[in-house]
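# Observations on chain architecture
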Amino acid sequence: MGSVQNTVQVTCAMTEYLIGRGYKNIGFVSLPIHDNDRAAERRAGFLAAHQRRGLISAPELLLESPPGLRSGGRALATLIERVPAVDAIFLSGDVLATGALLEANRRGLDVPNRIAIVGSDDNELQEAVSPPLTTLRFPRYQIGHQAAEMLMKQLRNPSYDIRKLDLGYELIERASA
């Protein structure tokens, strides 16, 4: 098993999924990237997917947002205002994505026919919203277990080299994209 997850590759995979489904104007919403390596890596993965496909992502489709359901709703509203032709939004966390989905429902926007919404993390709520959210699932239990095991090894042996583990991910296709 290789790093806790190559964030760039995972985000790239979800973006390529959207591109492969025919979406052209894809927005990307992350937490603020200043002092947040994971958020910066997620943005890099989004941009890398466009570059791999020979596409350009318009800067106005990139947005940083504080966490939370309301923030996800505001992010959707902002992207639609900036680029009315936006046809998909990848929000880097499921709380943000659920907020965007709820806002789309409030506005009467047909998800996924008018706008697709996808997230990252997956939990029980994403199955229950309408439409159910397409997202990325990570093996949380295994990540915690491996991290604790590695920490214990290092406590017992300070020269133990903590390595990175890649425990994989799963793209969960549901009805929102």
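From a predicted model like this one, the values you see are computed outputs, not experimental measurements.

Calculation notes
Residues numbered from 1 in each chain as written. Predicted model: local features only at pLDDT ≥ 70, side-chain atom pairs only at ≥ 80, totals over all residues. Heavy atoms only, no water. Pairing = 2+ DSSP bridges. Helix = DSSP H or I, 4+ residues; strand = E, 2+ residues; numbered from the N terminus. Axes fitted to C-alpha atoms, helices over the stretch in contact; angles between N-to-C directions. Contact = heavy atoms within 4.5 Å. Core = buried A, V, L, I, M, F, W, Y, C linked by side-chain atoms within 4.5 Å. Buried < 20%, exposed > 50% of the residue type's maximum accessible area, 1.4 Å probe, protein only. pLDDT = per-residue confidence, 0-100. Expected span 1.5 Å × (residues − 1). Arc of directions from axis to C-beta. Polar contact = N/O pair within 3.5 Å; in protein donor to acceptor, adjacent residues only side chain to side chain. Parallel < 35°, antiparallel > 145°, perpendicular 65-115°, else oblique. Left-handed = near helix turned anticlockwise from the far one by under 90°.

### Looking at the sheet that holds strand β3 (residues 88-91)
Strands sit in the order β2-β1-β3-β4 across an open sheet of four strands; the sheet is parallel. Where the open sheet ends on each side, the last strands, each with one partner, are β2 (62-64) and β4 (116-118). Direction aside, neighbouring strands of the sheet carry axes that sit 15° apart on average. In the sheet, strand β1 (residues 26-30) pairs with β2 via three bridges, with the strands oriented parallel. By the bridge assignment, V29 is partnered in β2 with L63. Across the face of the sheet, helix α2 (residues 37-52) comes into contact with β1 and β2 while running at roughly 165° to β1. Of the strands in this sheet, β1, β2, β3 and β4 are in contact with helix α3 (residues 69-82), which crosses β2 at around 150°.

### Brief notes about the nonpolar core
Grouped together as the largest cluster of nonpolar side chains are 21 residues, with contacts concentrated most on V29, L76, I89, L91, I115 and I117. Those elements that place two or more of their residues in this core are α3, β3 and α4 (94-106). Per-element accounting of this core gives the leading share, five residues, to α4. In this view, I89 contacts G27, V29, L76, L79, I115, A116, I117 and V118; residues no more than four positions away in its chain are not counted. By size, the runner-up hydrophobic cluster in this structure holds 17 residues, among which are I19, A116, V118 and F138.

### Regarding the confidence of the model for the chain
Do not read the predicted coordinates in detail wherever pLDDT is low. Of all residues in the chain, 95% have pLDDT values of 70 or greater, and the mean over the chain is 91. Within the model, the stretch residues 1-5 combines pLDDT values under 50 with 23 contacts to residues more than four positions away or in other chains.

### Some thoughts on α2
A rise of 1.5 Å per residue sets the reference length of α2, with its 16 residues, at 22 Å; its end C-alpha atoms lie 22 Å apart and thus fit the reference within 8%. Looking at α2, one finds that the buried residues are A39, R42, R43, G45, F46, A49 and H50. On an axial view of α2, the arc spanned by its buried residues comes to 150°, and they lie on one face. Exposed residues on α2 whose side chains face more than 90 degrees from its buried face are D37, Q51 and R52. Elements in contact with the buried residues of α2: α1 (7-20), β1 and β2. Put simply, N36 is the residue that caps the front of α2, since its side-chain oxygen is 3.3 Å from the backbone nitrogen of R38.

### Concerning the side chain of T134
Mapped onto the secondary structure, T134 falls in the loop between α5 (124-128) and β5 (135-137). Ignoring sequence-local partners within four residues, the contact set of T134 consists of M14, Y17, I117, V118, G119, L171, I172, E173, R174, A175, S176 and A177.

### Focus: the packing of α3 against α4
At a minimum axis distance of 6 Å, the contact between α3 and α4 shows a crossing angle of 60°. On the basis of the axis angle, α3 is oblique to α4. In this structure, α3 crosses over α4, and the sense of that crossing is right-handed. From α3, L69, S71, G72, G73 and L76 reach across to α4, where they touch V95, L96, T98, G99, A100, L102, E103 and A104.

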